Every structure is written in C-alpha cells, then in structure tokens.
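# Notes for the structure review
Next come the chains, spelled out residue by residue.
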Amino acid sequence: MAPVRLSKLSTLNYRNLAPDTLEFPAGVTGVWGENGAGKTNLLEAAYLALTGRTEAGRLEELVLAGQAEAYVRADVLEGGSLSVQEVGIGRGRRQLKVDGVRTRTGDLPRGSAVLIRPEDSELVFGSPSQRRAYLDSLLGRLSARYAEQLSRYERTVSQRNAALREGQDWALDVWDAPLVTLGRDIMEFRARALVRLEELARHANAELGSRKALDIRLLESTDPASYAQTLHARRAEELARGVTLTGPHRDDLELTLGGLNAGTYASRGEGRTAALSLRYAELQLLSERFGEPPVLLIDDWTAELDPQRRQFLLDLAASVPQAIVTGTEQPPGAQLALQAAAGRFTPQPQRQEEMPA
Ligand SMILES: Nc1ncnc2c1ncn2[C@@H]1O[C@H](COP(=O)(O)OP(=O)(O)OP(=O)(O)O)[C@@H](O)[C@H]1O
Ligand SMILES: [Mg+2]
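The rules behind the values
Residues numbered from 1 in each chain as written. Chains lettered and ligands numbered in written order. Predicted model: local features only at pLDDT ≥ 70, side-chain atom pairs only at ≥ 80, totals over all residues. Heavy atoms only, no water. UniProt positions renumbered as here; feature names shortened; annotations may be inferred. Domains from an automatic or database assignment. Contact = heavy atoms within 4.5 Å. Buried area = accessible area lost by both parts, 1.4 Å probe. Salt bridge = Lys/Arg side-chain N within 4 Å of Asp/Glu carboxyl O. Polar contact = N/O pair within 3.5 Å; in protein donor to acceptor, adjacent residues only side chain to side chain. Helix = DSSP H or I, 4+ residues; strand = E, 2+ residues; numbered from the N terminus. Nonpolar A, V, L, I, M, F, W, Y, C, P; charged D, E, K, R; others polar. Buried < 20%, exposed > 50% of the residue type's maximum accessible area, 1.4 Å probe, protein only. Near = heavy atom within 4 Å. Areas by Shrake-Rupley, 256 points an atom, 1.4 Å probe, with all protein chains shown as cover. Core = buried A, V, L, I, M, F, W, Y, C linked by side-chain atoms within 4.5 Å. Expected span 1.5 Å × (residues − 1). 1 Å grid on protein atoms, 1.4 Å probe; cavity = no way out; pocket = protein on both sides within 12 Å on 5 of 7 lines; lining within 4 Å. Points joined across faces, edges and corners; volume = space filled by probe spheres on them. Axes fitted to C-alpha atoms, helices over the stretch in contact; angles between N-to-C directions. Parallel < 35°, antiparallel > 145°, perpendicular 65-115°, else oblique.

Naming follows an unreviewed UniProt entry, where the protein appears as DNA replication and repair protein RecF of Deinococcus proteolyticus. Reading the Subcellular location (unreviewed entry) entry of the UniProt record for the protein gives the comment "Cytoplasm". Check the Sequence similarities (unreviewed entry) section of the UniProt entry for the protein; it says "Belongs to the RecF family."

## Points about the domain arrangement of the protein
Considered domain by domain, the protein is made up of domain 1 (1-112 + 296-357) and domain 2 (119-293). The distance between the C-alpha centroids of domain 1 and domain 2 comes to 28 Å. On the side of domain 2, 25 residues touch domain 1, which itself brings 21 residues to the contact. Approximately 2,000 Å² of surface area, both sides summed, lies buried where domain 1 meets domain 2, with 56% of it carried by carbon and sulfur atoms. Along the contact surface separating domain 1 from domain 2 lie zero salt bridges. Remark: the boundary between domain 1 and domain 2 carries three residue pairs in polar contact (both at pLDDT 80 or more). Examining the composition of the side of domain 1 that touches domain 2, we find that five residues originate from one element, helix α10 (residues 307-319), more than from any other. Taken together, the residues of the side of domain 1 that touches domain 2 sort by class into 12 nonpolar, two polar and seven charged.

## Notes on the UniProt feature "domain: RecF/RecN/SMC N-terminal" (unreviewed entry) in the protein
Under the local residue numbering, the UniProt record ascribes the feature "domain: RecF/RecN/SMC N-terminal" (unreviewed entry) to residues 6-326. Its end C-alpha atoms 16 Å apart, residues 6-326 is made of 46% helix and 23% strand.

## Examining the environment of A191
Note that A191 resides in helix α5 (residues 169-207). Judged by relative accessible area, which is 39%, A191 ranks as partly exposed. Residues A191 and L218, 27 residues apart in the sequence, show an inter-C-alpha distance of 7.4 Å.

## Observations concerning the site of ligand 1
Residues in contact with ligand 1 amount to 14 residues; listed here are only the nearest, G36, K39, T40, E61 and V63. In this structure, G36 approaches ligand 1 through a main-chain N or O atom, which is 2.7 Å from an oxygen atom. The contact in question runs from an oxygen atom of ligand 1 to an N or O atom on the side chain of K39, over 2.8 Å. Protein burial of ligand 1: of its 660 Å² of free accessible surface, 67% is covered by the chains. Here the shell around ligand 1 is composed, by residue class, of four nonpolar, six polar and four charged.

## So, the nonpolar core
Residues Y134, L197, I216 and L296 are the most contacted members of the largest nonpolar core, which totals 59 residues. Inspection of this core shows a minimum of three residues originating in each of domain 1 (1-112 + 296-357) and domain 2 (119-293). In this view, Y134 contacts L123, L197, L253, L278, R279, A281 and E282; residues no more than four positions away in its chain are not counted. Core analysis: the next-biggest nonpolar cluster, separate from the first, contains 38 residues, L17, V87, L297 and I324 among them.

## Here's the deal with α10
The end-to-end C-alpha distance of α10 is 18 Å, a good match for the 18 Å that 13 residues give at a rise of 1.5 Å each. Turning to α10, its buried residues number three or more, namely R309, F312, L313, L314, L316 and A317. On its buried side, α10 packs onto β3 (27-33), β8 (113-116), α5, α9 (268-290), β12 (295-298) and β13 (322-327).

## So, the layout of surface pockets
Of the pockets and cavities examined, the largest pocket occupies roughly 990 Å³. If one sorts the elements of the lining of the largest pocket by residue count, helix α3 (residues 128-142) sits on top with nine residues. The residue inventory of the lining of the largest pocket, partitioned by class, reads seven nonpolar, nine polar and 16 charged. Of the domains in this structure, domain 1 (1-112 + 296-357) and domain 2 (119-293) are the two that each give at least three residues to the lining of the largest pocket.

## Quick look at the packing of α3 against α5
Direction vectors running N to C along α3 and α5 enclose 90°, while the axes themselves pass 11 Å from each other. Classified by the angle their axes make, α3 and α5 are roughly perpendicular. Across the interface between the two elements, R132, Y134, L135, D136, L138 and L139 of α3 pack against F189, R190, A193, L194 and L197 of α5. Looking at the contact of α3 with α5 residue by residue, the classes come out as eight nonpolar, no polar and three charged.

## Quick look at the environment of T29
When you line up the elements, T29 lands in strand β3. Each C-alpha atom, one on T29 and one on A163, is 53 Å from the other, the two residues being 134 residues apart in sequence. For T29, the residues in contact, after removing those within four places along its chain, are F24, A323, I324, V325, A334, L336 and L338.

## Concerning the UniProt feature "binding site: ATP" (unreviewed entry) in the protein
Under the present numbering, the feature "binding site: ATP" (unreviewed entry) in UniProt falls on G33, E34, N35, G36, A37, G38, K39 and T40. With respect to the helices and strands, the residue G33 is situated in strand β3. Those residues in contact with G33, other than ones at most four positions away along the chain, are K39, G327, T328 and A340. Take T40: it is sitting in helix α1 (residues 39-51).

Written out as structure tokens, the structure is:
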C-alpha cells in the first residue's frame, strides 16, 4: 500500500478561510502567521476532508457566519491513483462523497490523517468522556468491527435507558443480554489494544524528556466477567435514576505520571507532553495497522512546548511522508512555507538554512 497524500485542498465557506484551492507537496509544509489568521481552521478543514471527521462541537460552527453551507474537498493521491473526497456541511448534517459517489465516514480510508493540537491537553485534564472519545475513535479506525459493535452498544444503552425511565422492569431483561455481549466485546478489545498503546505512549513520553513514567489503565465500572451480575445488582438504583450505570460507556482511561493521576497533579507542560504521547501512539498504531503513516497535521508546534518537545514534533513531521505544521513562527526545514493572513495562504520563498561559521 502506498501512503495517502493530500495533493490539493479546496474550501468554500469554511470558517474564515477564503475560498481557494491549495496544493501540498510531499514532505513538510509549514504554515505560519499571526493569531487568528486561520491556521487551525486550515488544518481542521484538511482533517475533515481526509477523514470525514471533525472534533468541532457543532457542525454549524464550521460554516462561515451568515452562510448556510460549507464545503471542503481533498484531492488524495495514493500511489499512482487520485481520488476526490468531498464533504458538504449544512443544517447540522454532513454529506460525504468519494469520486462523486455518496458514502459514509466509516467507508473513507481510516488511517489517512492524525491531528495533533494544543487542545489535546484536554485528554489529560478533561473529563473521562474526552478520553473515551479518543480511545473509541482510535479503536474504531483500527477495527471496523469495533466501530460497529460500539455503535450497536450505544444504541442498546439508549434503548435500555428509555426502558429504565419508563420503569419497564420486564423490558430490561430484553436489553441486558445484548448489552452484556456487546459490552464485553468492547471491554476486551480495549484491554487488548491498550497494551500496545501504552507501550508506544510510554516510549514517546520518555523520548519527550519526561522524567516521570506514564502509565495508562482502564478504569472499568465492571469486570467483564461479572457484567451481567453487576447489572442485576444495580437494577433498583438504575430504575431510580433512569440511566444505565455500568458498562464501557462509563469507563475511564486513567493516565498517571510517576504514579500520580495526571489530570489532578501534572503541570501544564507535563500534561501536554502526555497528550502528545497519546497522539504519537495513535500515529504509530494507524501506521502499523495500515502499513503506511497517515498525513500528520500539527497545529501550533510551539504552543506550551520547550525546545526539546518542539524538536520532537519537527522530527516526527520529518519522519512521515507528508505533514502540515502550523505556528506563529515558521517551522524550520519545510519543503513549502505558506504565510497565513486573514484566511489566505501565500507561498513564501524558502529561508536559507543558516550556514555554520
Ligand atoms: N464559522 C466561522 N465564521 C467566520 N469566522 C470564523 C468561524 N469560525 C472561526 N472563525 C474565525 O476564524 C479566525 C481564525 O481562527 P483560527 O483558529 O484558524 O486562527 P489561528 O491562525 O489558528 O490563530 P492562533 O494562532 O491564535 O491559533 C478566528 O478569528 C475566528 O473567529
Ligand atoms: Mg490556532
């Protein structure tokens, strides 16, 4: 398999980006400019066009204020073949097309891009649901079966919750069986995947100069083997509260640094480093699964990072077939430099590398 490469990105009405088509070479593209220029928006648009996914809270946010619809298009090269991926956003919906044919997110290439952003610190300092979303999104890309089981599980939870709210004790027996079967599968898949994920993240955290060892553990609301019994034991409480209280939709990923919970005790920089380690693990796991590294999108390469950590990001960008790196400072060593201003991106002549005296 040849690596996926973003050859062109077109946007229309996407946040503050001026309607345009930008070409990207293999290697590193550096995008730099002042705050508010549109650098993050550009990476977000590239991620959306490559993967069909977005981490924005609401789809409406992506549409230029005052407009009804936004559009992004990626011309994707894979080996010798070119395909066109289009995403239309309007009225809370997204519509995907590959080479003109309507498709679903799950049918797009699943290992084509990884986005690293300063906001990733939320993986450490934020809520359990943010860590679960990270894990589920990653595992869903590694395994189509996981994505399928998870969505069936989530549907079962909401149907069971409806039965709980209506006090239908008898209906719960109907939902408990699929809940337990699907839930156990999910817990077991997570536990298996976590072994390699932890190994990779620990490695990165040490490479990044952290003196504290990173440990990652699943905090499960039930032991998979006794899931059915736990549900039974907590039924009265669940009926009273109207929600399903045990199962993988309630589990957390516990991150510890030197034995202390990172969310509670880590410094900002330590937290950002641990989050970076999780993204590194994501990049490596997708590379291992699909045989080729994804396009790497790094937002704000200098944010909150000391020189050693910045260098790690630059080295990572240089190690993959294609990367786009943004910042308020121009990242050194880029094949193409784009200067960002007011939603426009202008190619700049390359800075001469400084010659040693
Ligand atoms: N839907 C929208 N419609 C219009 N403008 C928007 C929309 N969403 C975001 N913007 C604007 O886009 C601008 C650029 O945002 P972006 O986050 O890309 O900047 P940036 O270059 O990454 O800046 P920084 O260096 O501060 O991270 C912001 O001024 C923001 O207000
Ligand atoms: Mg930004």
